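# Coordinate analysis (summary)
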Amino acid sequence: MTISYPIVETFCSIQGEGFWSGTSAFFIRLAGCDVHCSWCDQKETWPLDKHPLFEINDLLNQSLAANAAIVVITGGEPLLHNLKPLTESFKKERIKLHLETSGTHPFSGDFDWVTFSPKTFKIPDNSIYSKADELKVVIANEQDLQWAEAISAKLRNDTLKYLQPEWNSTETIPIILNYVQDNPQWRLSLQMHKFLNIR
Ligand code: SF4
């Protein structure tokens, strides 16, 4: 059976956030998200049925042609879909596959790196906690730090922890800098691609 996924866009860029910042990347943005963050800058990804379907082989061929260091599966919320068939095909080609997820649906697939970015708008599914290689929490105000700590307590000991300022908020950078100073297990993550004005 041929398996297809609804795709918003695919593009080459660099990974702009977290541990892999600066790494060449081919992004596959899957459609569908039911988290509905008020500050979401990808609202066009929310509908599941308004984007073209791409077969796994199409996505694989695009990824191989891009020849980037990593392929990043993002969204939307990619875990709305069963990612096992997709990751099985990519693994056969030895492509380094990363996932960016809010963790709000049961985990599927086999990835080389999982970025878990929980949102206060919808609680994560328990299956994400053992899978996350890095935690990235968007901070819009001081209260979000408590949310970040509560999530962090459920993760593996070796999961990297990042706090990232909400892009439109001017007040959060000093809040994060102070917090990282006092709590060195946390790191600051900036959206490098936005400073560079690239995708
Ligand atoms: S989880 Fe991501 S795509 Fe979904 S609403 Fe939140 S920011 Fe937007």
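This text goes with the structure placed above it.
Residues numbered from 1 in each chain as written. Predicted model: local features only at pLDDT ≥ 70, side-chain atom pairs only at ≥ 80, totals over all residues. Heavy atoms only, no water.

## Focus on the site of the ligand
What surrounds the ligand is the set C33, V35, H36, C37, W39, C40, W46, G76 and K119. Classifying every residue of the shell around the ligand gives six nonpolar, two polar and one charged. (Near = heavy atom within 4 Å. Nonpolar A, V, L, I, M, F, W, Y, C, P; charged D, E, K, R; others polar.)

## Topic: helix α1 (residues 56-66)
Of the residues making up α1, those classed as buried are I56, L59, L60 and S63. Buried residues of α1 fall within an arc of 100 degrees about the axis and therefore sit on the same side. For α1, the exposed residues set more than 90 degrees away from the buried face come down to N57 and A65. Where α1 is buried, its residues touch β1 (4-14), β2 (24-30), β3 (53-55), β4 (70-74) and α2 (84-92). Among the residues trailing α1, N67 stands out with phi positive, at a value near 55 degrees. (Buried < 20%, exposed > 50% of the residue type's maximum accessible area, 1.4 Å probe, protein only. Helix = DSSP H or I, 4+ residues; strand = E, 2+ residues; numbered from the N terminus. Arc of directions from axis to C-beta. Contact = heavy atoms within 4.5 Å.)

## Observations regarding the packing of aromatic side chains
The full count for this structure, using the stated rule, is seven aromatic pairs. When the ring of F19 is compared with that of W113, the centres are 5.4 Å apart and the planes differ by 25 degrees; the resulting orientation is stacked. Taken together, the residues F19 in the loop between β1 and β2 and W113 in strand β6 (residues 113-116) connect sequence positions 94 residues apart. Consider the rings of F107 and F111, whose centres lie 6.2 Å apart with planes at 80 degrees: the pair is edge-to-face. Judged by its relative accessible area of 12%, F111 falls in the buried class. The ring of W186 carries the charged tip of K161 above its face, separated from the ring centre by 5.8 Å. (Phe/Tyr/Trp six-rings, centres within 6.5 Å; stacked < 30°, edge-to-face > 60°. Lys NZ or Arg CZ within 6 Å of the ring centre and 35° of its normal.)

## Thoughts on the side chain of T74
Its location among the elements puts T74 in strand β4. Since its relative accessible area comes to 6%, T74 is described here as buried. Polar side-chain contacts of T74 include one of 3.3 Å to the side chain of E100. Once residues lying within four places of it in the same chain are set aside, the contact partners of T74 are F27, I28, R29, L30 and E100. (Polar contact = N/O pair within 3.5 Å; in protein donor to acceptor, adjacent residues only side chain to side chain.)

## Notes on unusual backbone geometry
Of note, the amide linkage connecting G75 to G76 takes the cis form, showing an omega dihedral of 15 degrees. Secondary-structure assignment places G76 in the loop between β4 and α2. Non-glycine residue N67 carries a positive phi angle of around 55 degrees. By secondary structure assignment, the location of N67 is in the loop between α1 and β4. Even without glycine at this site, R94 takes up a positive phi of about 60 degrees.

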